[in-house]
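Report on the structure
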Amino acid sequence: MWAVGNRARVLVDNERALVNIPGRWRLGARGRALAPGDRLMLRRGTHGWRPEPPLPRKSEFTRRASGPKSVPQVIAVNLDLAVVVASVDQPETPFGLVDRLLVTAALGGVPAMLVVNKVDLVPPERLDRWRTNYQGAVDEIIFTSALTGYGILELAKIIVGLVTLLAGSSGVGKSLLANRIDPSLNLKIGEISRATGKGRHITSATELHRLEQGGWLADTPGLRECAPWGMTQDRLASTFREIEELAPGCHFRDCLHRGEAGCVVQAVAGTPELPLKRYRSYLKLLSEAESP
Ligand SMILES: Nc1nc2c(ncn2[C@@H]2O[C@H](COP(=O)(O)OP(=O)(O)OP(=O)(O)O)[C@@H](O)[C@H]2O)c(=O)[nH]1
Ligand SMILES: [Mg+2]
Ligand SMILES: [Zn+2]
């Protein structure tokens with residue numbers, strides 16, 4: 001489903017339909033706005049379909065909207081999987097952004113995996129740092145080239161039958177990956193700006209697309225920044241998988257792993273169990289997080 005203003009595009013018995021959305025569910029309304037992936041019961045009224053309140057969500061991918069006020073921006077809901085898409089070059093995705101996207105998924109209850117795209121642009125040695133940094137952070141890392149088709153089958157096999165979100169900054173190749181997985185989607189592909197080496201926001205709204213193979217894929221506009229929603233200091237450690245696994249060994253149960261006595265996490269930081277970049281990323285996010 002897809003909503004803009006007071007109308008939403010929905011599927012009713014496999015047919016697309018437009019539904020008028022009551023004010024309280026509109027974007028920007030004080031109540032809960034509808035988001036891609038929401039499920040609605042519709043009743044046939046005299047003027048077309050009439051929506052009932054949205055059903056409870058099982059998961060959501062939500063960041064803090066940009067701007068001075070702390071308000072959530074729900075990107076998509078009821079997701080089975082978030083595919084965090086990074087690219088090794090043109091533009092090279094910073095690890096910090098990948099970490100933020102992984103944290104956002106974890107806080108919203110969405111399992112996540114990592115796709116490292118554009119591998120055709122770099123020598124194979126350049127991929128090692130991705131493997132080393134993220135092997136303990138996610139179950140699955142897949143290296144792809146949406147240009148040559150490398151790795152696409154492996155990715156397609158995982159997402160078939162699932163409701164999947166593609167998340168990553170502009171220009172990393174999310175839409176081209178989607179087209180490779182299901183060519184009938186025919187999504188618009190951007191060009192990388194020569195001046196900045198960055199993408200230019202080709203995809204303008206998040207929409208769920210039905211895959212020919214089964215399942216749904218949400219392509220999103222580039223997320224250059226991502227402040228995870230609901231990030232409190234006490235929840236952060238559980239969103240870094242390596243830290244969550246180590247934490248029971250810390251002396252204090254409420255250890256925040258930043259210098260407390262008997263902290264196992266800090267002790268192993270810099271070993272393969274917890275790469276230094278991941279630990280530093282955790283500390284940076286911890287300093288941004290709200291205190292409990
Ligand atoms: N060399 C190479 N180029 C790629 C690859 N994947 C995508 N591109 C190129 O990168 C550019 C951006 O691709 P898009 O699929 O539009 O990127 P996007 O992530 O959807 O970007 P937004 O919609 O702006 O968020 C296009 O010029 C693609 O042709 C790849 O694997 N290798
Ligand atoms: Mg796109
Ligand atoms: Zn600790």
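In what follows, the structure referred to is the one given above.
These numbers were taken from a predicted model, which means no experiment stands behind them.

1. Notes on the sheet that holds strand E10 (residues 141-143)
The strands making up a sheet are joined through hydrogen bonds of the backbone, oriented either antiparallel or parallel. Across the sheet, which stays open at both edges, the six strands sit in the order E10-E9-E8-E11-E13-E12 with mixed pairing between neighbours. Two strands close off the open sheet at either side, each with one partner strand: E10 and strand E12 (207-210). Strand after strand, the sheet turns through a mean of 25° between neighbouring axes, direction not considered. Here three bridges tie strand E9 (residues 112-117) to E10, and the two strands are oriented parallel to one another. Note on E10: the bridge partner recorded for Val116 is Phe143. Sitting on the sheet, helix H3 (residues 152-159) touches strand E8 (81-87), E9, E10, strand E11 (163-167) and strand E13 (216-219), and the angle it makes with E10 is about 145°. In the packing of helix H4 (residues 174-181) onto the sheet, contacts are made with E8, E9, E11 and E13, and the angle to E13 comes to roughly 160°.

2. Notes on helix H8 (residues 276-288)
Helix length check: H8, at 13 residues, gives a terminal C-alpha distance of 19 Å against a target of 18 Å (1.5 Å per residue), a fit within 8%. Among the residues of H8, Arg278, Tyr279, Ser281, Tyr282 and Leu285 are the ones counted as buried. Buried residues along H8 cover an arc of 160° about the axis, so they all sit on one side. Looking at H8, the residues exposed on the side facing more than 90 degrees away from the buried face are Leu276 and Ser287. In this structure, the buried side of H8 is in contact with helix H1 (95-107), helix H2 (128-134), helix H5 (233-236) and helix H6 (241-246).

Cut-offs applied
Residues numbered from 1 in each chain as written. Chains lettered and ligands numbered in written order. Predicted model: local features only at pLDDT ≥ 70, side-chain atom pairs only at ≥ 80, totals over all residues. Pairing = 2+ DSSP bridges. Helix = DSSP H or I, 4+ residues; strand = E, 2+ residues; numbered from the N terminus. Axes fitted to C-alpha atoms, helices over the stretch in contact; angles between N-to-C directions. Contact = placed C-beta atoms within 7 Å. Expected span 1.5 Å × (residues − 1). Buried ≥ 20, exposed ≤ 12 C-beta atoms within 10 Å, placed from the backbone. Arc of directions from axis to C-beta.

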